[in-house]
Amino acid sequence: MPTPELTAVLIAGVCRDRAQRVLAALGRQTVADRMEIVVVDIAPEDVPRLDAPTNVPANYLSRPDIARWGSARLEAVEAARTPILAFIEDHCFPRTDWAEHVLAAHQGPWPAVGYAFVNANPDSYSSRAGMLARYGLFTLPVEGGPSRYVSGNNISYKRESLLALGEELEALLDIDFNLQEELRARGGTLYVEAAAVGAHQNYARLSGECQTGRPYCRLLAARRARHWSAPRKIFYGLLSPMAAPVLRFLRLAVSLRNRRPLWGPFLVASPAIVWMYLSDALGESAGYLWGAGDAEADVLRWELSTERTAQ
């Protein structure tokens, strides 16, 4: 068997059906013979083990003791044997040629290559709005190429770029936005590969999108500001509820200027998107002013332990 070139990383929790679906999709990749899989399973020990594909080398790490998203991802970075790590959420289902396009894009100098997305559960208004709010910058149709922003959680990196971050890596792995800011500060250019497509499952209720967004943004702010002065934290904390929703909404709107098929869905979803961004901003403000609080545990619960659609 050839030496693997790409490690697909899955962090799994108690939502087994969707995690198993992702593993099955990884086994169907067109370049499965050039891959390995690392599963970091943080579910309790009494939860049945997932079945890894038999055609792809798999390193299955059972780690019910892990209580942080960044810690689980660091386990995968340390266990990987390849130069490219491609993270995929347990509720994002990659197309069969996803890994092939990620590998091709990483032939360039980019330390991080993001994916493009479609909606895995578009039946509800909240899911459609959540898709645009969270992944609208990268929702098909989208133009690939160098970009200031790439996706978070579902994202690939050159392993050497991650290891170069040293002791800061674990904290940076909590929130990809902060990690990518650091890569840009070190001279790296990020890249969106529009042909590497995942179908992202969103919450079918608006409350779910808000409940997952608030702690995520609180943790983002707390980690981003970990080396800031107190006056700077206060300034950003007071400014965020007013400025962050406006900036994010305008950034999304501008990104759609050449993507006419998304204009109608965006206009219809705008009230819900604004509500989500306002909710997120309250979490971000709390992170600057009071730190992470319970956000680490909340992020893990809403990412891995909560069903997004009716079962």
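Reference entry: report on the structure contained in this document. Keep in mind it's a predicted model, so treat the numbers as computed, not measured. (Residues numbered from 1 in each chain as written. Predicted model: local features only at pLDDT ≥ 70, side-chain atom pairs only at ≥ 80, totals over all residues. Heavy atoms only, no water.)

Let us now look at the environment of Arg232. Relative to the elements of secondary structure, Arg232 occurs in helix H9 (residues 230–255). Classification of Arg232 as partly exposed rests on a relative accessible area of 38%. Once the C-alpha coordinates of Arg232 and Asp123 are considered, the two residues, 109 residues apart in sequence, prove to be 43 Å apart. (Helix = DSSP H or I, 4+ residues; strand = E, 2+ residues; numbered from the N terminus. Buried < 20%, exposed > 50% of the residue type's maximum accessible area, 1.4 Å probe, protein only.)

The element strand E9 (residues 190–200) is largely enclosed, with a buried count of 10 among its 11 residues. Where strand E5 (residues 92–94) lies against E9, three bridges are found, and the strand directions are antiparallel. Paired with Pro94 across the bridge in E9 is Gly198. Direction of pairing for strand E6 (residues 112–119) relative to E9: parallel, over a ladder of six bridges. Each residue of the ladder has a partner; that of Phe117, found in E9, is Gly198. Bridge analysis of strand E7 (residues 145–147) against E9 gives three bridges, and the strand direction is antiparallel. If you follow Gly145 over to E9, its bridge partner there is Val192. (Pairing = 2+ DSSP bridges.)

Bringing helix H11 (residues 295–304) into the picture now. In an α-helix, one turn spans 3.6 residues; hence positions three or four apart end up facing the same way. For H11, the full list of buried residues reads Ala295, Val299, Leu300, Trp302, Glu303 and Leu304. Tucked inside the fold, the buried residues of H11 contact strand E1 (6–12), helix H1 (16–27), helix H2 (69–79) and helix H8 (206–224). (Contact = heavy atoms within 4.5 Å.)

A separate point is the pattern of salt bridges. Tallying each qualifying case throughout the model produces 19 salt bridges. Arg226 is paired through a salt bridge with Glu168; the nearest N and O atoms lie 2.5 Å apart. Separated by 58 residues along the polypeptide, Arg226 in the loop between H8 and H9 and Glu168 in the loop between helix H5 (159–163) and helix H6 (169–172) bring together distant segments of the chain. Of the residues examined, Arg226 reaches a relative accessible area of 29% and is grouped as partly exposed. By relative accessible area, Glu168 is classed as partly exposed at 30%. One salt bridge connects Glu182 with Arg186, and the closest N-O pair in it is separated by 2.8 Å. Residues participating in the shared-partner salt-bridge network are Arg68, Glu170, Asp174, Arg223 and Glu296. (Salt bridge = Lys/Arg side-chain N within 4 Å of Asp/Glu carboxyl O.)

What follows concerns the packing of aromatic side chains. The description of an aromatic ring pair uses the distance of the two centres, along with the angle that the planes make with each other. Summed over all chains, the structure comprises 11 aromatic pairs. A ring pair is formed by Tyr115 and Phe117, whose centres lie 6.3 Å apart and whose planes are at 50°; its orientation type is tilted. The exposure classification of Tyr115 matches that of Phe117, with both residues buried. Seen in terms of ring centroids, Phe235 and Tyr236 are 5.8 Å apart; in terms of plane orientation they differ by 80°. Their pairing is edge-to-face. (Phe/Tyr/Trp six-rings, centres within 6.5 Å; stacked < 30°, edge-to-face > 60°.)

With that settled, consider unusual backbone geometry. The residue after Leu140, namely Pro141, is reached through a cis peptide bond having omega 0°. Tracing the chain through its elements places Pro141 in the loop between helix H4 (125–135) and E7. In this structure, Asn153 is a non-glycine residue whose phi angle is positive, near 65°. Turning to its location among the elements, Asn153 is positioned in the loop between E7 and strand E8 (155–158).

Purely spatial values, then, with no claim about function.
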